[in-house]
Structure formats: structure tokens, C-alpha cells
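Residue strings, one per chain:
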Amino acid sequence: MPEADESDTTPGTPTTAQHDADNAVPLLAPADGIPPVLDTAPEIAQAAAAIAAGTGPLAVDAERASGFRYSNRAYLIQLRRRGSGTFLIDPIPDPTAVDALAAVINDLEWVLHSADQDLPCLAELGLRPARLFDTELGGRLAGFERVGLAAMVAKLLGRELRKGHGAADWSTRPLPQDWLNYAALDVELLVELRDEVAAALSEQGKSDWAAQEFEHVRTAEPAPPKPDRWRRTSGIHTLRRARQLAIVRELWTARDVIARQRDVAPARILPDSAIIAAAQADPRTIPQLRALPVFGGPRQRRYSREWLTAVERARALPDAQLPPMSQPFDGPPPVNRWERRDPAAAARLSAARTAMNALSQRHAVPVENLLTPDLLRRLCWDGLPEFRSGTIPSDPSTAIGKYLEAGGARPWQRELAVPALVAALFPAAGQSS
């Protein structure tokens, strides 16, 4: 981490009091013990009333069952507020019971760690914060090298928060006590961590930057599904024929339908490796299919007809309907092709990256938080018409600023990035001024 120049008033690295993480005191259990899991409407209503009587921001976390379930729903919600205590909410038996929570907590400032991970599943239940503080994102902006929850709690609060059940199947019922202990600890010190991160941001003059970022996360719309998701099948790069890709597509789609119906993670229905093996073997009969790796297993045999039907659909496609070997680009091509396809664009990107890396070092903010890599690539490829004509915009700052704004860059990002990008992309403009 670069040291801040004492003669420079620009924001630098964290200066708040920090602890020796190696000597952090273990936090083994919640101070008030493991709270009971609340899953009935009366219990959740009582929790809402208790939270309403508390003070300050609300620590929030949610546990999902990624890798086990198809859905991204919340299987446990953890809440903690000063003066109220910690509450563990199971929304599965009666999702409408959390309406009583929404009436209370939606008007509060929520504190989450990596908020973009949990906000969507909470929004499905009608839980949406009026204000947000993201301790992970705040840590990035404050220049902390390690921004995991355990690392930040150790560094800023001197406590060791042991992890271990984050990747568990939280759809399990009843939930084991050690899992509940872990879940309660995730919000035990979250408000205290928020205060330390806020102090670091204030010391560095980054509070407004953080506020803009938090609001952006809070109000972000769900990302639309990516087209041709089947092309992300692991091992697909080993296939050399379009007919094989068609088999992957049909098997992937069949698996997705079954996974959605059963609410089971697709990889647990059929792993990607089995799909690739079938695309390579092109089985003609169920015995041939079951002879392939995985397809003969007890879970997969029950769907043998569906799998073979998918392969047959791909085999019956006319050549004109086969998927292309390469995915059509949504935006610029892969960067490793720029030098061959457009050397000038490659040179622009190199210069822009150098400028952004310098900004990152100066302000102790990760370069990807200064400007998303995708937006920078799109700008450098063909973001401005002057790139194609080889001219300089009459007002480069305005041109780049409008492009970044249209791409979602926040005001603080544009304030920092635009001057650096003008100098990098249009050096002649600076020389002539």
C-alpha cells in the first residue's frame, strides 16, 4: 500500500487506529447467547417491535443456499440493532410474516458486508433499506488491503471472527446450533465495524464518495440474464464442432428446466463435465448414454429419457440452426484481440489503464472501483466518434464525461477519471491548450 504524501491533501491510506490482526481476541459466541430462530408471524412481529425500540443503524445479513438450490432466496435473515439485540428470522414457513419487519426496518439505515450479495434476496421478501452502509465496499474505498468481514473485524476491532459455514446448505432444517452461532456472529460487531470504516472514510475525505457508491448499490436494478448462458459450461472450450455445441446447449437447457422445477442447483442435477462428455460421445441410445461418466448414477438415470431427447434435438438441427463456434460480442472483443483488430484502440486502452492505475495508487482505491473495467474498455474501443475519424473532440472533457455518465459512472468517479483520461487519450489536446 503506497504511503500518502504529507504534502498532498488528496485522500490516502487508512489512518484510523488499527489492531494487530494476528493477536485478535477470538469471538466465539454472541454476547447474549444464540438467539432462537423465529419463524411464525407472532414471533416475527415481536422482533419487529423490539427492533423499532432500538437505536441507530441496523446490522443485516442473509444466508442463502448457493450451490445447493436453484433459487437465490434467503433461508435465514440476521438482524441486530443497539438496544434491541440480535434476531434470527426464518422466512421460509411464512414469507408474508416478514411484512411486519418491512414496516419497521425499511426506514432504517442498513449495514451489510458486500451488500450487493444479499439485497436481491431480501428485496424478494419486500425488505429494502432507505439508506445503506456497505462495510466491504467502504473498506475498499478506504484503501484496506483485505476487506473480508473477518479480516476487517480483526484489523479494526481487534476481534477474531471465525468463519466456517458460509458455504453450507442453509435450506437445511433444523439448522444446527453451530451454524446459528456463526450466523449470529456475522452481525454481532457489524455496526461497530461500520463506525470504524466511516471514521476512516471521513479522515481521508472519502465520505461523499462512499455515500454515492452505497446509494448506487442500494438502487441498482437487477442485472438482466446474460444471453447464451450455456456457453459458460466448464470445458466447452475443448469442443471443436458446432454440432457438439448444440448438444451442450440442449442438455444445459434441459438441466436448467429440471433444476428450476426442483429448486436444486444445476450442477447437482448434472455436472458440466457430464454435459461435455455427452457432447463428445453423441450417444444414440439410453444404454450408450448411461455408459458415460455420471449419467449412470442414480440421480441421473431417472432423467435418462430427458437427456437423450436433448441430444436428439441437437442432432436433428439443420446446419443453419447450429450455434456459431464463437459467441457474438456484446461490446468490444476480448482485449487479447485488440492489437490485431485495432492497434489504435489497443494503444488507447493501454494509455487509459496506465492513467487509471496511477489514480488508484494516488487515492488508495482499487482501480476497478474508480471505474468499471468494462466501461473503460467500451470507451477505448469505440466510445467516441472521434476515435474513428482520428480527430479530437472540441471539448474532450465533456465528451468523455458524458460517455462515462451514460455508462453509470458516479460523479466522484467522473471527477477523478475524466481529467486523467483526457490526458491519456488526447495528449495533443493538453499540449495545445
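What counts, and where the lines are drawn
- Residues numbered from 1 in each chain as written.
- Predicted model: local features only at pLDDT ≥ 70, side-chain atom pairs only at ≥ 80, totals over all residues.
- Heavy atoms only, no water.
- Helix = DSSP H or I, 4+ residues; strand = E, 2+ residues; numbered from the N terminus.
- Buried < 20%, exposed > 50% of the residue type's maximum accessible area, 1.4 Å probe, protein only.
- Contact = heavy atoms within 4.5 Å.
- Areas by Shrake-Rupley, 256 points an atom, 1.4 Å probe, with all protein chains shown as cover.
- Lys, Arg positive; Asp, Glu negative; His and termini not counted.
- Charge placed at Lys NZ, Arg CZ, Asp CG, Glu CD.
- Pairing = 2+ DSSP bridges.
- Axes fitted to C-alpha atoms, helices over the stretch in contact; angles between N-to-C directions.
- Domains from an automatic or database assignment.
- Right-handed = clockwise from strand over helix to strand, strands pointing away.
- 1 Å grid on protein atoms, 1.4 Å probe; cavity = no way out; pocket = protein on both sides within 12 Å on 5 of 7 lines; lining within 4 Å.
- Points joined across faces, edges and corners; volume = space filled by probe spheres on them.
- Nonpolar A, V, L, I, M, F, W, Y, C, P; charged D, E, K, R; others polar.
- Expected span 1.5 Å × (residues − 1).
- Patch = residues over 30% accessible without salt bridge, like charges linked within 9 Å, V, L, I, M, F, W, Y side chains within 5 Å.
- Salt bridge = Lys/Arg side-chain N within 4 Å of Asp/Glu carboxyl O.
- Polar contact = N/O pair within 3.5 Å; in protein donor to acceptor, adjacent residues only side chain to side chain.
- Parallel < 35°, antiparallel > 145°, perpendicular 65-115°, else oblique.
- Left-handed = near helix turned anticlockwise from the far one by under 90°.

- Going by the annotation in an unreviewed UniProt entry, the name recorded for the chain is Ribonuclease D, with Nocardia veterana given as the source organism.

## Some details on the overall build of the chain
- Along its length, the chain carries 22 helices and eight strands.
- Taking the principal axes of the C-alpha coordinates as reference, the chain spans close to 70 × 70 × 40 Å.
- Within the chain, buried positions represent 48% of all 433 residues.
- Of the contacts formed within the chain by residues at least 6 apart in sequence, a portion of 67% connects residues at least 24 apart.
- Element-wise, carbon and sulfur atoms account for 51% of the exposed surface of the chain, whose accessible area totals about 21000 Å².
- With 50 positive and 54 negative side-chain charges, the chain shows a separation of 11 Å between the mean positions of the two kinds.

## Overview of unusual backbone geometry
- Look at the link from Arg-173 to Pro-174: it is a cis peptide, with omega at -5°.
- Relative to the helices and strands, Pro-174 is located in the loop between β8 (159–161) and α6 (177–188).
- You will see that Asp-228, though not glycine, has its phi angle at about 55°, which is positive.
- One can find Asp-228 in the loop between α8 (207–219) and α9 (242–262).

## Things to note about the sheet that holds strand β3 (residues 55–63)
- In spatial order, the strands read β2-β5-β4-β3-β6-β7; together these six strands make up an open sheet with mixed pairing. Among the strands making up the open sheet, the edge pair consists of β2 (37–38) and β7 (131–134).
- With two bridges joining them, β3 and strand β6 (residues 109–112) adopt parallel strand pairing. The residue bridging Ala-59 from the neighbouring strand is Val-111, located in β6.
- Packed on one face of the sheet, helix α1 (residues 41–52) meets β2, β3, β4 (76–82) and β5 (85–89) and runs near 150° to β5.
- Here helix α7 (residues 190–203) sits on the sheet in contact with β3, β4, β6 and β7, set at roughly 110° to β3.

## Details of the domain arrangement of the chain
- Per the domain assignment, the segments making up the chain are domain 1 (17–219), domain 2 (229–321) and domain 3 (335–425).
- A C-alpha centroid distance of 41 Å is found between domain 2 and domain 3.

## Some remarks on the pairing of β7
- Where β6 and β7 come together, four bridges link them in parallel fashion. Directly across from Leu-112, in β7, lies its bridge partner Asp-134.
- Taking the sense of rotation as the criterion, the β-α-β connection linking β6, helix α3 (residues 115–123) and β7 turns out right-handed.

## Digging into the layout of surface pockets
- There is about 360 Å³ of room inside the second largest pocket.
- What lines the second largest pocket is a set of 19 residues, and nearest its centre among them are Asp-61, Ala-62, His-113, Asp-118 and Asp-186.
- Secondary-structure elements contributing two or more residues to the lining of the second largest pocket are β3, α3 and α6.
- Sorting elements by how many residues they give to the lining of the second largest pocket places β3 first, with four residues.
- Here the residues of the lining of the second largest pocket sort into eight nonpolar, five polar and six charged.

## Overview of α7
- Relative to the 20 Å expected for 14 residues at 1.5 Å per residue, α7 spans 20 Å between its end C-alpha atoms, a close match to the ideal helical length.
- Regarding α7, the residues found buried are Leu-190, Val-191, Leu-193, Arg-194, Val-197, Ala-200 and Leu-201.
- Taken from the residues just after α7, Gly-205 is the one with a positive phi, measuring 70°.

## With respect to a positive patch on the surface
- There is a patch of like positive charges on the surface, built from Arg-262, Arg-268, Arg-299 and Arg-302.
- For Arg-262, a relative accessible area of 38% puts it in the partly exposed group.

## Topic: the side chain of Asp-90
- Residue position: Asp-90 is located in the loop between β5 and α2 (99–105).
- By relative accessible area, Asp-90 is classed as buried at 5%.
- Polar side-chain contacts of Asp-90 include one of 2.9 Å to the side chain of Arg-173.
- Discounting chain neighbours no more than four positions away, the residues touching Asp-90 are Val-37, Leu-38, Asp-39, Tyr-75, Leu-76 and Arg-173.

## Re the environment of Leu-404
- Positionally, Leu-404 belongs in helix α20 (residues 396–406).
- Classification of Leu-404 as buried rests on a relative accessible area of 0%.
- Distance in space between the C-alpha atoms of Leu-404 and Ser-389 is 20 Å, their sequence separation being 15 residues.
- Beyond its immediate stretch of four places on either side in the chain, Leu-404 contacts Leu-371, Leu-375, Leu-379, Ala-409, Arg-414, Ala-417, Val-418 and Leu-421.

## A look at the packing of helix α16 (residues 343–363) against helix α21 (residues 411–425)
- Where α16 meets α21, the closest approach of the two axes is 9 Å, and the angle between their N-to-C directions is 140°. On the basis of their axis angle, the class for α16 and α21 is oblique. When you trace α16 past α21, the crossing you get is right-handed. Residues Arg-348, Ala-351, Ala-352, Ala-355, Met-356, Leu-359 and His-363 of α16 pack against Leu-416, Ala-417, Ala-420, Leu-421, Ala-424 and Leu-425 of α21.
- Along the lines of polarity and charge, the residues of the contact of α16 with α21 split into eleven nonpolar, one polar and one charged.

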